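Structural overview for review
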Amino acid sequence: MKISHVELLELQLPLVSFFETSFGRTTARRIVLVRVEAEGLTGWGEVTCGEKPFYSYETPETAWHILRDLLIPSALAQPWNEACELAAAFRPIRGHNMAKAALENAVWDIEAQAKGVSIAKLLGGELQEIPCGVSIGIQNSVDQLLEKIERELAAGYQRIKVKIKPGWDAAILEKIRNRFPTIRLMADANSAYSLADIEHLKSFDRFGLMMIEQPLGWDDLVDHARLQRQLKTPVCLDESIHGPDDARKAIELGSGKIINIKLGRVGGYTSARRLHDVCRSAGIPVWCGGMLESGIGRAHNIAMSALPGFTLPGDVSASRRYWTEDIIQPEVTVTARGTIRVPDGPGLGFAPDLRRIEKACVRREAFKH
Ligand code: OSB
Ligand code: MG
C-alpha cells in the first residue's frame, strides 16, 4: 500500500452542552482530522486531545506539528503492507500518542477497505453489539445531575459514570444512590485526589461503585497500588496507561483491577490491541473510554470495542449527546437495550459527511508523496 496523499483538517465543533471534569469545562471542541489516500481508497482518523494540555500534554498544535513534521513524512516515505507497520515506524518518537493514533488508525481504515472487511473484523473483533454507558460531567446543581441520569437511564444506557472532584463527590454520590439504589454506577476523578485523601476515598466504598476511575496522579501507578490495597471499590486506570507495557506494570503492582482503553491515549489500534491482550490474559476487564469524539473517532471506538475483552460498558454513546450535526452518516445511535451495533461494512462502516466537515473546517494542510 502506497500512501499518495495526506491531509490535516482542523474543525471547530460546538458541543450540545458543556462538559465539565475536575480539570475544567469544555463547550466546544477543536478537532484535528487526518485524511489519508492510498491506492484510490480514503481513510480517516481523529486526534482526540483536548484544546489545552489538562488531560494529557498533547494539544491540537502539538499534534499538528508532530504529524506535519515527523509522522506524515515517515508514512509517505515508503510503501506498507499493513497498518501495524506504521506503529513500529513511529516508535522512535517518544509519546505524542494521539497524533500517532490518528494517522495509524486512518491507515487501518484503508487496509480494512482494501481487504473488504470492517476494521472490527480486521482487528479480530467478535462482538456484534457493544454495551454502552455514559459519562456525565459536573453540573451546576445536583438536581440537574439527577435529571440527566434519569434521562440517560430512560434512553437505555447500561451504566452511569459521573465526574467527581473534592467538593463534588460524597454528597452527590449519596444523593444518586438514594434516588437510584441499584443502577450500575461509577465515578471518574481525573486525578483530583492524592494519598492524603485516602480515608475520604475509602468512605466511598459504601456507595457500591463498579469502580473509581483515576483518582490519583495522571502518571502514577505506585500510589494507586497503595490505594487499591485499602479500597473495596475497584480502581480503574485511565490517564496513566499509555500502552501494553504500562498495563503489565500496573497489573504487577496491583495499581487497579480494571483498565479504560482509549485509542488516542495508547497510540492507535496496534498498541490498543496488545494492551487488550495483556489485560485479557491477566483477567483484567477493559472498556472503551471516550474523549468527546466526533463521529470519526467515535466510529473507531466502536470498532475497537468489538474485541472480546471489552466486557464492561464503555463511554461510547450516541452522536446526539454531543453534536447537533455529527460529521458521519449515519450518526451513531444507541438501541433501547443500551448497545451500539458494530457495522460490518468495509473499513470504518460510517461515511464521513464531507459537506459538514467542510462547514466546520477552520484550517487545512495537504501533503503529497
Ligand atoms: O476521563 O474519561 C475521561 C472526556 C474528556 C477527557 C477525559 C475524559 C472524558 C470523559 C468523556 O469522561 C467521555 C465521552 O463521553 O466521550
Ligand atoms: Mg477518565
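Definitions and cut-offs
Residues numbered from 1 in each chain as written. Chains lettered and ligands numbered in written order. Predicted model: local features only at pLDDT ≥ 70, side-chain atom pairs only at ≥ 80, totals over all residues. Heavy atoms only, no water. Donors = N, O, S within 2.8 Å, 3.2 Å for Na, K, Ca; no water. Helix = DSSP H or I, 4+ residues; strand = E, 2+ residues; numbered from the N terminus. Buried < 20%, exposed > 50% of the residue type's maximum accessible area, 1.4 Å probe, protein only. Domains from an automatic or database assignment. Contact = heavy atoms within 4.5 Å. Buried area = accessible area lost by both parts, 1.4 Å probe. Pairing = 2+ DSSP bridges. Near = heavy atom within 4 Å. Polar contact = N/O pair within 3.5 Å; in protein donor to acceptor, adjacent residues only side chain to side chain. Nonpolar A, V, L, I, M, F, W, Y, C, P; charged D, E, K, R; others polar. Expected span 1.5 Å × (residues − 1).

**Some details on the coordination of the magnesium ion (ligand 2)**
- Only Asp 188 (OD), Glu 213 (OE) and Asp 238 (OD) from the protein reach the magnesium ion (ligand 2) as donors, at distances of 2.2 to 2.3 Å.
- Considered as a linear motif, the donors of the magnesium ion (ligand 2) on their single chain read D-x24-E-x24-D. With a gap of 50 residues between them, Asp 188 in strand S7 (residues 185-188) and Asp 238 in the loop between strand S9 (235-237) and helix H9 (244-253) connect regions that are remote in the sequence.
- Its relative accessible area of 0% is what places Asp 188 among the buried residues.

**Here we look at the domain arrangement of the protein**
- The domain architecture assigned to the protein consists of domain 1 (3-115 + 351-368) and domain 2 (121-341).
- Once you take the C-alpha centre of each, domain 1 and domain 2 turn out to be 23 Å apart.
- Between domain 1 and domain 2, the residue contacts involve 43 residues of the former and 47 residues of the latter.
- A per-residue breakdown of the area domain 1 buries against domain 2 is headed by Tyr 55, Trp 108 and Arg 356, which together make up 20% of the total.

**A short note on the sheet that holds strand S8 (residues 212-213)**
- Taken in spatial order, the seven strands line up as S5-S6-S7-S8-S9-S10-S11 in an open sheet, and their pairing is parallel. On the outer flanks of this sheet lie strand S5 (133-136) and strand S11 (286-288), each paired with one strand and no other.
- Strand direction decides the pairing type here: S9 and strand S10 (residues 258-261), joined by two bridges, are parallel. From the neighbouring strand, Cys 236 faces S10, where its bridge partner is Ile 258.

**Overview of the site of ligand 1**
- Neighbouring ligand 1 are 15 residues; Ser 135, Asn 190, Lys 262, Leu 292 and Tyr 322 lie closest to it.
- Within the side chain of Ser 135, one N or O atom sits 2.9 Å away from an oxygen atom of ligand 1.
- Within the side chain of Tyr 322, one N or O atom sits 2.5 Å away from an oxygen atom of ligand 1.
- Of the residues contributing to the shell around ligand 1, the split by class is five nonpolar, three polar and seven charged.

**A look at the environment of Ile 261**
- Looking at where Ile 261 falls in the secondary structure, it is placed in strand S10.
- In this structure Ile 261 comes out as buried when scored by relative accessible area, which is 0%.
- Spatially, the C-alpha atoms of Ile 261 and His 276 are 7.9 Å apart, while their sequence positions differ by 15 residues.
- Among all residues touching Ile 261, those that are not within four sequence positions of it are Val 266, Ala 272, Leu 275, His 276, Val 286, Trp 287, Cys 288, Gly 289, Met 304 and Phe 310.

**A word on helix H3 (residues 97-115)**
- For H3, which comprises 19 residues, the first-to-last C-alpha distance of 26 Å matches the rise-based estimate of 27 Å (1.5 Å per residue) to within 8%.
- Counted residue by residue, H3 has 16 buried out of 19 residues, so it is predominantly covered.
- Immediately beyond the C-terminal end of H3, within one or two residues, lies Gly 116, with a positive phi of roughly 70 degrees.

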